[in-house]
Amino acid sequence: MNTISYTPAILPAENIFHHILVVGSTGSGKTFTVSRIVRGVTEKKLAKTLIIDWHGEYKYLLKPPYRYVVPNEYPVNPLNTNNSGYSETLELLTDVLDLTPPQVYVLEKVLKNKVNRIDLVNLVEILENTVDESNWMRESRLSLLRKLYPLIRPKYRELFTGESERSISDHSEYTTIVDVSTIKDPIVKRIYTATILKKIFMSPFTRRASTKILVVIEEAQNLVSINNPLRMITSVLAEMRKFNIGLILVSQSPHRLVDDVMVNTNTKIIHSVKSFADLDVIERALYMPSEIQKVIPYLEVGEAVLYTRGLKKPVIIKVE
C-alpha cells in the first residue's frame, strides 16, 4: 500500500524560464510530466514551445492544435547557422562530430576559402578534391571525411542539402513538435538536432522582448553528456533566460549529464530513479530530507520529487 503523502504544488510561470530538469527511469512518467507543463504553457499563452521529440511520443500526449514536423519536411544546413561567418559553423561541427585539432584545422581552411554558401555535399566534394600539403593533413582530411560521409548517405542527404529561410519556431503560434525519432543514426540525429537548436539560440527573432520560447530537449544526455557536451548549449545555459528562452531538459541518466545542467536548472522534477550513480548525483546536487531521499527509488508512475524557486525544501507530488 502506498503511504506517500503528496504536497499540492504549482510551477510558477516565471520559474519556467529559469530552466527545468526532469529525470527518472524509463516508464516513470517523465514525458507525461513535461507534456503537462507544455499544455499549461500553451493554454495560458505564456510562450511558443519547441519540442525535440526523441521517441515520437508527444503527438499522442498533447492536444491539437500543434505543428508536427518530421525532419524530411524541415531540412537544415549546419554550414550556415547564421550570417556572421564560418566561426559558428566550425564550433558546431567541432562539437557534434568531436573533431580533433588537426581535423578542425583542415575544416577551417576549407570554410575560410569558400566563396558561396555550401552544404554538406559540397563540403565533402571540396575535401575530396583538396590537395594535401603533408601526410598529417592527408590523414586528418580522410578522417574528417569518414565522419562526414554518414551525413550525406542517400537516406539522410536531404536533411542537410536544403534549408528553411526561417527558424522553425517562427512557423507555429504555440507548439511545434520535431519528431527526430525517424532518424535512426545517433550521429545524424545529434547534428540535425544541434543545428535546429543553434538556429533557435542565434535567431534575432528569439531576442525580441515580447517573444518567449520554451525548448524541450528529450534524452538530453545525447547533447550535454559529461563526456561530450555540446558547448553551444552549456556555454549559454546560464544566459538563455536573457533572450526569453527557457529549457526543459529530460533524461533518464542524470549521472551522464555535464555538471552545468544540474547547476543551471532552477527547477528539478525527479521521478523514480534506481541507479546508484544517478541517486548519488541527485543527492549531491540537491539537499533533501532523508525521508524523501529514501523513497525516490520506490516512487510509482507519475509520482515525483519537486524542487523549485519558492519552495523551502523538496516536496513529493503526483502529476495528473
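Look up a bit, the structure's there.
Now for a quick tour of the structure.

Rules of the game
- Residues numbered from 1 in each chain as written.
- Predicted model: local features only at pLDDT ≥ 70, side-chain atom pairs only at ≥ 80, totals over all residues.
- Heavy atoms only, no water.
- Helix = DSSP H or I, 4+ residues; strand = E, 2+ residues; numbered from the N terminus.
- Buried < 20%, exposed > 50% of the residue type's maximum accessible area, 1.4 Å probe, protein only.
- Areas by Shrake-Rupley, 256 points an atom, 1.4 Å probe, with all protein chains shown as cover.
- Arc of directions from axis to C-beta.
- Contact = heavy atoms within 4.5 Å.
- Polar contact = N/O pair within 3.5 Å; in protein donor to acceptor, adjacent residues only side chain to side chain.
- Salt bridge = Lys/Arg side-chain N within 4 Å of Asp/Glu carboxyl O.
- Phe/Tyr/Trp six-rings, centres within 6.5 Å; stacked < 30°, edge-to-face > 60°.
- Lys NZ or Arg CZ within 6 Å of the ring centre and 35° of its normal.
- Axes fitted to C-alpha atoms, helices over the stretch in contact; angles between N-to-C directions.
- Parallel < 35°, antiparallel > 145°, perpendicular 65-115°, else oblique.
- Nonpolar A, V, L, I, M, F, W, Y, C, P; charged D, E, K, R; others polar.

## Topic: the overall build of the protein chain
Scanning the protein chain from N- to C-terminus turns up 13 helices and nine strands. Out of the 320 residues belonging to the protein chain, those deemed buried represent 55%. On the protein chain, roughly 15,100 Å² of surface is accessible, and the fraction owed to carbon and sulfur atoms is 52%.

## Brief notes about helix α12 (residues 276-285)
For α12, the complete set of buried residues consists of Asp278, Leu279, Val281 and Ile282. Within α12, the buried residues cover an arc of 160 degrees as seen down the axis, which keeps them to one side. Opposite the buried face of α12, by more than 90 degrees, sit the exposed residues Phe276 and Arg284. At its buried positions, α12 is contacted by β1 (20-23), α11 (259-264) and β7 (267-270). Its side-chain oxygen at 3.2 Å from the backbone nitrogen of Ala277, Ser275 defines the N-terminal cap of α12.

## A few points about the pattern of salt bridges
Counting across every chain of the model gives five salt bridges. The closest approach of N and O atoms between Asp95 and Arg231, which form a salt bridge, is 2.7 Å. Highlighted residues: Asp95 in helix α4 (residues 87-97) and Arg231 in helix α10 (residues 231-234), separated in sequence by 136 residues. Given the relative accessible area of 43%, Arg231 is considered partly exposed.

## Considering the packing of aromatic side chains
Counted according to the given criterion, the structure contains two aromatic pairs. A centroid spacing of 5.7 Å and a plane angle of 50 degrees characterise the contact between Tyr105 and Trp136, whose relative ring orientation is tilted. On the criterion of sequence distance, the pair formed by Tyr105 in helix α5 (residues 101-113) and Trp136 in helix α7 (residues 135-148) is long-range, its members being 31 residues apart. Judged by its relative accessible area of 43%, Trp136 falls in the partly exposed class. With a centroid separation of 6.5 Å and 65 degrees between ring planes, the pair formed by Phe160 and Tyr192 is classed as edge-to-face. Taken together, the positions of Phe160 in helix α8 (residues 157-160) and Tyr192 in helix α9 (residues 186-202) put the pair 32 residues apart, joining distant regions of the chain. Of the two residues, Phe160 and Tyr192, both sit in the buried class. When the ring centre of Phe17 is taken as origin, the NZ or CZ atom of Lys212, which lies over that ring, is 5.0 Å away.

## As for the packing of α5 against helix α6 (residues 120-128)
Where α5 contacts α6, the two axes come as close as 11 Å, and the packing angle between them is 110 degrees. In terms of orientation, α5 and α6 fall into the roughly perpendicular class. Contacts from Val106, Leu107 and Val110 of α5 reach α6 at Leu123, Ile126 and Leu127. Partitioning the contact of α5 with α6 into residue classes produces six nonpolar, no polar and no charged.

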